[in-house]
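# Structural characterization, general
Each chain is listed here by its residues.
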Amino acid sequence: MLTHMHTNKAAACLVFCGFFTASQVLADAAATPQDWIDRMGNAVQATSYEGTVVRVREGKVETFKVVHTMTDGIVREKVIIQDGNGLEIIRNGNEVHCILPDRESVLVEEWNNQSTLFSTLPSSDIRFGSEYDVLIKDFERVAGRKAAMLAILPHDNYRYGYRIWLDTETGFPLQTQLIGEDNNPLEHVKFADISIQENILASTLAPSYSTDNWKWYTEPRQTVKHEVESDWIADKVPPGFRVVSTLQKTLPDAADPLTHIIYSDGLVTVSVFVAPVTDEKKAGRSSVGASNSYSTVIDDYRVTVVGQVPQITVEQIAKSMRRSR
Amino acid sequence: MNEAIRMQVSAFVDGELPDNEADLLVRRLSQDADLRQQVSEYLAIGRVMRGEYTVQGGNALRERVAAELEERPLQEPADTVVAKQPSRYVRPVAGAAIAATVALAAIFGLGQVADVDNAMPETAIVADETVSETVPTMNDDDLHQYLILHGYDSNSFSTRVTSLQIRADELSGEAAAEDPEAEDEVEVTEPVTSQP
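On a predicted model such as this, the values are computed, not experimentally measured, just so you know.

Another point: the overall build of chain B. Counting its regular elements, chain B contains 7 helices and 1 strand. Mapped in sequence order, the helices and strands of chain B form the string α-α-α-α-α-β-α-α. Residue burial in chain B is summarised as follows: out of 196 residues, 43% are buried. Taking all contacts inside chain B whose residues are at least 6 apart in sequence as the whole, residues at least 24 apart take part in 61%. With an accessible surface of roughly 10100 Å², chain B has 50% of that area assigned to carbon and sulfur atoms.

Take a look at the structure:
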């Protein structure tokens with residue numbers, strides 16, 4: 001009798017669990033790419049987690065220990081770079097402390113926005129169908145969790161593509177790949193392990209060092225920053241890019257203010273920096289990781305364009321800049 | 001990558017995979033660039049997690065696959081090449097040679113990660129062929145400054161972290177300049193352990 005009851009319960013449980021799992025699969029399968037992106041947008045803001053992130057690019061592997069919480073609208077993060085100089089980044093709201101253990105120094109910076117470490121994606125501004133297509137390609141496991149893989153495919157060579165693996169339970173991005181020309185992964189950021197949980201102890205976010213007697217650098221990199229109207233425009237930007245912000249910044253040791261124009265296609269941002277020429281250098285291109293830059297001189301101003309986009313894009317934008325009056 | 005492949009790779013790296021299975025694994029990897037990428041990441045991540053910077057068995061596997069690729073005509077599907085794209089200015093000149101090089105480099109990034117302790121990204125300055133007769137490069141300090149500023153306004157994890165890495169490196173330089181006796185310490189890197 002007892003055995004029979006156990007059997008019935010087990011059968012009921014199997015039916016229920018099977019139904020739940022099947023329902024979940026159906027729900028996941030029915031979700032549109034936009035549904036997933038919306039879920040991701042919520043998840044990167046609201047999810048608290050800690051884990052290990054691995055970044056692979058240009059043949060180099062870097063590992064980061066990361067903790068992220070969101071409490072009462074305040075983002076708190078801790079990132080420890082496990083290689084090199086062991087840089088530790090502690091974020092409490094807008095204030096960011098970069099701790100350099102080798103130098104026993106702390107650099108204080110300010111981030112004037114609510115973006116989080118993993119807000120790689122996009123706002124509703126992105127115009128899927130115009131510059132990119134997005135589709136769900138696969139379901140597989142990442143960091144031990146089931147994930148849906150989204151492929152974001154650019155329509156032209158002016159931008160990179162992305163593959164993003166989203167946790168099916170929370171929508172959190174567990175893995176991202178930046179895809180270059182001919183589908184080459186240029187950069188790979190992946191959680192090797194992750195623990196998603198609501199209650200992360202405050203002590204987990206504390207610095208690993210007692211920094212009271214260390215040297216503190218509190219001078220911000222940019223002393224003044226405000227929105228301005230600029231007379232610099234680009235005649236021929238790649239399709240879909242438009243100005244989203246124009247800032248004027250005064251940098252330490254700089255005699256003249258720097259104009260910073262930010263272009264976006266809804267997914268990626270490209271920065272245009274305009275400053276009076278102070279040296280004899282004419283033009284050049286460079287790259288750091290998957291970011292490219294191009295610098296040239298126009299009307300006695302140095303115009304430098306930087307972004308995580310192909311070289312052709314920064315070059316075209318730089319060369320098409322001109323003063324409108 | 002399924003569990004069977006994962007186990008085969010592990011066994012190969014440990015020198016425990018029978019020869020006939022090793023041959024099959026090498027052949028399969030030589031024919032499937034996606035799988036090579038997955039195996040590369042699997043080995044690289046495992047190595048990082050174990051705190052190892054070299055993996056002899058991984059190198060052996062890479063060499064075997066490279067040898068296999070050299071023996072057969074290369075038919076690399078356009079969407080499966082894994083390594084960093086060669087310069088578009090080079091490709092028309094080098095053609096098939098570049099394709100073969102990319103495919104070989106793409107076998108594993110493993111051979112290139114021995115310098116994993118060099119976390120600070122290098123700024124690669126590339127000459128501009130259209131202006132190279134004037135002054136082909138820009139001032140590194142300016143570029144670093146712009147990369148930092150761009151990173152602050154970026155919504156990409158990678159870009160923002162890189163921006164802070166550059167800023168921290170800059171700060172290290174400033175601190176060293178202020179404290180000449182500490183100059184030698186710039187090269188010292190010690191592993192950092194997060195406190196619970």
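Picking up after the structure, the text goes on.
Next up on the list: the packing of aromatic side chains. Residue and element names in this part refer to chain A. All told, the structure shown has 7 aromatic pairs over all chains when counted by the stated rule. Judged by centre distance (5.7 Å) and plane angle (90 degrees), the ring pair of tyrosine 49 and phenylalanine 191 falls under edge-to-face. Pair noted here: tyrosine 49 is in strand 1 (residues 49-57) and phenylalanine 191 is in strand 11 (residues 185-196), with a separation of 142 residues, a long-range link. Seen in terms of ring centroids, tyrosine 209 and tryptophan 214 are 5.5 Å apart; in terms of plane orientation they differ by 40 degrees. Their pairing is tilted. A connected cluster of aromatic rings, assembled from ring pairs, spans Tyr49, Phe172 and Phe191.

The next subject is the confidence of the model for chain B. All names here are of chain B. Averaged over chain B, the pLDDT score is 53; the fraction of residues at 70 or greater is 35%. For chain B, the element scoring lowest by mean pLDDT is helix 5 (residues 91-105), at 28; helix 2 (residues 19-31) scores highest, at 79. Taken together, the stretch residues 48-54 has pLDDT below 50 and engages in 12 contacts with residues farther than four places along the chain or on a different chain. Taken together, the stretch residues 73-138 has pLDDT below 50 and engages in 143 contacts with residues farther than four places along the chain or on a different chain. As a predicted assembly, this complex carries a pTM of 0.63 together with an ipTM value of 0.74.

All names here are of chain A. Looking at the element boundaries, proline 101 is found in the loop between strand 5 (95-100) and strand 6 (105-110). Proline 101 sits in the buried class, given a relative accessible area of 14%. The sequence separation of proline 101 and leucine 87 amounts to 14 residues, and the corresponding C-alpha distance is 6.9 Å.

Residues and elements named next belong to chain A. Phi at glutamate 58 takes a positive value of approximately 50 degrees, unusual for a residue other than glycine. If you trace the backbone, glutamate 58 turns up in the loop between strand 1 and strand 2 (60-71). A relative accessible area of 35% places glutamate 58 in the partly exposed class. Positioned with a positive phi, alanine 143 is a non-glycine residue whose angle comes to about 50 degrees.

Residues and elements named next belong to chain A. For the coordinates displayed, the defined rule picks out 11 salt bridges over all chains. For aspartate 167, the salt bridge is made with arginine 145, and the minimal N-O distance between the two is 2.9 Å. Taken together, the residues aspartate 167 in strand 9 (residues 161-167) and arginine 145 in strand 8 (residues 145-154) connect sequence positions 22 residues apart. The buried category is assigned to arginine 145, whose relative accessible area is 18%. Between arginine 322 and aspartate 235 there is a salt bridge, and its shortest N-O distance comes to 2.7 Å. In this pair, arginine 322 sits in strand 21 (residues 321-323) while aspartate 235 sits in the loop between strand 14 (232-234) and strand 15 (242-250), placing the two residues 87 residues apart along the sequence. On the basis of relative accessibility, which here comes to 33%, the residue arginine 322 falls in the partly exposed class. Taking relative accessible area as the criterion, aspartate 235 reaches 49% and is therefore assigned partly exposed.

Cut-offs and rules
- Residues numbered from 1 in each chain as written.
- Chains lettered and ligands numbered in written order.
- Predicted model: local features only at pLDDT ≥ 70, side-chain atom pairs only at ≥ 80, totals over all residues.
- Heavy atoms only, no water.
- Helix = DSSP H or I, 4+ residues; strand = E, 2+ residues; numbered from the N terminus.
- Buried < 20%, exposed > 50% of the residue type's maximum accessible area, 1.4 Å probe, protein only.
- Contact = heavy atoms within 4.5 Å.
- Areas by Shrake-Rupley, 256 points an atom, 1.4 Å probe, with all protein chains shown as cover.
- Phe/Tyr/Trp six-rings, centres within 6.5 Å; stacked < 30°, edge-to-face > 60°.
- pLDDT = per-residue confidence, 0-100.
- Salt bridge = Lys/Arg side-chain N within 4 Å of Asp/Glu carboxyl O.

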